[in-house]
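Descriptive analysis of the structure
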Amino acid sequence: MAAPSEEIEIEETQEEIVPEIRPCKPARSNISDIKNKNKRKKLCIELKRKKRTEKIKEKKDRKKEAKRLGDDAPPKKQPHTIESLREKDETMVDDEDDELEQEEATDTFASYFSKSYVPKVLVTCSDNPHTKSIAFIRELCRMIPNSQPMWRKRSSINKMIKRATANGFTDVVIVNEDKRIPNGLLVVHLPEGPTALFRLSNPKLCKEIHRDHKEISGHRPEVILNNFKTRLGRVVARMLGALFHYEPEFKGRRACTFHNQRDYIFFRHHRYEFKNQERVKLREMGPRFTLRLQWLQQGAFEGDYEWALKRHEMETSRRKFFL
Amino acid sequence: MRTAERAFFPAKQWEKVKLSRNFVKALQQIDENLVFWKKYFRQKCRQRLLKITQYLTRMRKIKLGRQKKLIPIKRKVDLRIKRREEKALVAARIDNAIEKQLLQRLKDGTYERIYNFPQEAFSVRVDGKEEESDIEEEELDDKEEEVETDEDVVGELEKEVLEEERREEMDSDDGEEEDDTDEEREFVADFEESDEEDEDLEDAANRMSLSSEEEEDGDSGDNENEGESDLEREQTKISDSPNKKGSLKRSKPPQVIKRRGRARLEVEYEEPETSTKVKITS
């Protein structure tokens, strides 16, 4: 009797193999579909734990692999940073670009870089400067060689520009003040050069960094311009660099740095000393402040705006930078 | 002007009289038109006229001069900007970037004539300069001095301020740079220091090499010598330079002699001279 029962069984199994549409619970696509909070919570914790263990396991495996392969091991993965995730800008340039060189040879700063003149800078403030602004201006004058501080005396910028060009100045720097501290910097490059307005923040004078301004020698400083990648950035960098004398006195060992990071330009002033070929020792002195470009105008306080920060259009993405 | 007689014609109640531009005439007009009103109302009217003319003239004056554009600060936006700036500052690691740039410039040769490092091509330098720098190093045995720049350069800089600075800021683990075998040959210069003792050239050479290595290894307190002079030297060193980096290490019992994997000269005889030398430097 075994045979027929087997047959029956076989038939049955065969029947079962044929796909039957049975009502079953829908697969959970998301934990958040569970309405019961307790269950949801538990599931969530479980899931996290699982993920964590998996991650640790993966890490261990990777380490083992790397050890085994030794030199052949694939390079360690670097974590993402905002700089690495930065949106590619069309205007980003490398240092050596033929087109760039050509353009820079004929732009307004070409004369500075060809060392044809010595920059002479006029530094002023707004109408009613307070102590901190005055001190800041004095410090700036110590930074920038061949600079002259002057009181504003209620002159308009256009008039000031005319008079400055007449007197042979090549740049005008106006420190704007608000609530008794400097908060803006307007840099005008005089012979028909671009104008740039920066918002100044975190100004720190020498004594706030606990340094004596007397330690600053009168030697002409070197200028370091870091991280200016786009075309706009290069223009700004050249502009800031053109405030300083083209030939620094290396024996003074002073370095003024404009470091751009995510559109904030940090200014620092250091004295450096080389310990050997691999190490430098820096001692910060002098003021420090950060700048943020608001707009860049083509003429000397007139003309088209080459670039202006329009918050609603430009600040939509957190990974987009302009300098 | 409103009069009681017209109270029933609301549309025609108010009577407008245009005053002349001339202030005096306008005052007279007021007095004429309000002749039957109380003195108080006339006064108030005149005052009003005066106020209006005053502020109009002030507005015209201001428009002639410069006006500050007031841009309102949106609090949340401002906070966001500040926050991002702080984060950018952290991400910037400015000191590192500056150091990198400076080292790059050094390699590219912008400071060619100013800094001489032993690792660079010897052909560039004149031998005389080497000696000078050696002398410097020996003279400035004081552990807190840094010998990096050339003598010429030092002369040109504002010495007082800078040397003070250097004493403050610089570490005392110098002597590492000029760690060449070339030094050992040029003990002619070094001789001037060790005037008191009668030494052979060999002794002097060994002593010099030892002392230079002493300076280098000062931090870790290594010594190749065996014997009591070791302990003596170490103990004197401890008293010497309390602000050296390795002082913590050397508070341990000085019997621990660590050996580094560097080539060393082994001196087999005792050296009472060395101990005296150490005393001088303290």
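Bear in mind the structure is a predicted one, so any value in this text is a computation, not a measurement.

1. With respect to the overall build of chain A
The helix and strand inventory of chain A stands at eight helices and 11 strands. Looking at chain A as a whole, 42% of its 323 residues are labelled buried. Within chain A, contacts between residues at least 6 apart in sequence are counted, and of these 64% link residues at least 24 apart.

2. Focus: the packing of aromatic side chains
All names here are of chain A. Scanning the entire structure with this criterion turns up 11 aromatic pairs over all chains. A ring pair is formed by F258 and F267, whose centres lie 5.1 Å apart and whose planes are at 55 degrees; its orientation type is tilted. Comparing F258 with F267, the two get one shared label, buried. Taking the centre distance of 5.5 Å and the plane angle of 70 degrees together, the rings of Y272 and F274 count as edge-to-face. As far as the burial class goes, Y272 and F274 line up, both buried. Put simply, the rings of F136, F244, F258, F267 and F289 pair up and form one aromatic cluster. It is K120 that lies over the ring of F169; its NZ or CZ is 4.6 Å from the centre.

3. Description of the pattern of salt bridges
Where charged atoms from two side chains of opposite charge come close, those side chains can pair. Residues and elements named next belong to chain A. Within the structure shown, the criterion is met by 15 salt bridges over all chains. We note a salt bridge from R283 to E215, for which the minimum N-O separation is 3.3 Å. Residue R283 is located in strand β9 (residues 280–284), and its partner E215 is located in the loop between β5 (195–204) and β6 (222–226); the two are separated by 68 residues in the primary sequence. Between R288 and E284 there is a salt bridge whose closest N-O contact spans 3.1 Å. With relative accessibility at 24%, the residue R288 sits in the partly exposed group. Overall, E284 belongs to the buried group, its relative accessible area being 14%.

Rules behind the numbers
Residues numbered from 1 in each chain as written. Chains lettered and ligands numbered in written order. Predicted model: local features only at pLDDT ≥ 70, side-chain atom pairs only at ≥ 80, totals over all residues. Heavy atoms only, no water. Helix = DSSP H or I, 4+ residues; strand = E, 2+ residues; numbered from the N terminus. Buried < 20%, exposed > 50% of the residue type's maximum accessible area, 1.4 Å probe, protein only. Contact = heavy atoms within 4.5 Å. Phe/Tyr/Trp six-rings, centres within 6.5 Å; stacked < 30°, edge-to-face > 60°. Lys NZ or Arg CZ within 6 Å of the ring centre and 35° of its normal. Salt bridge = Lys/Arg side-chain N within 4 Å of Asp/Glu carboxyl O.

By themselves, these figures tell us nothing about what the structure is for.
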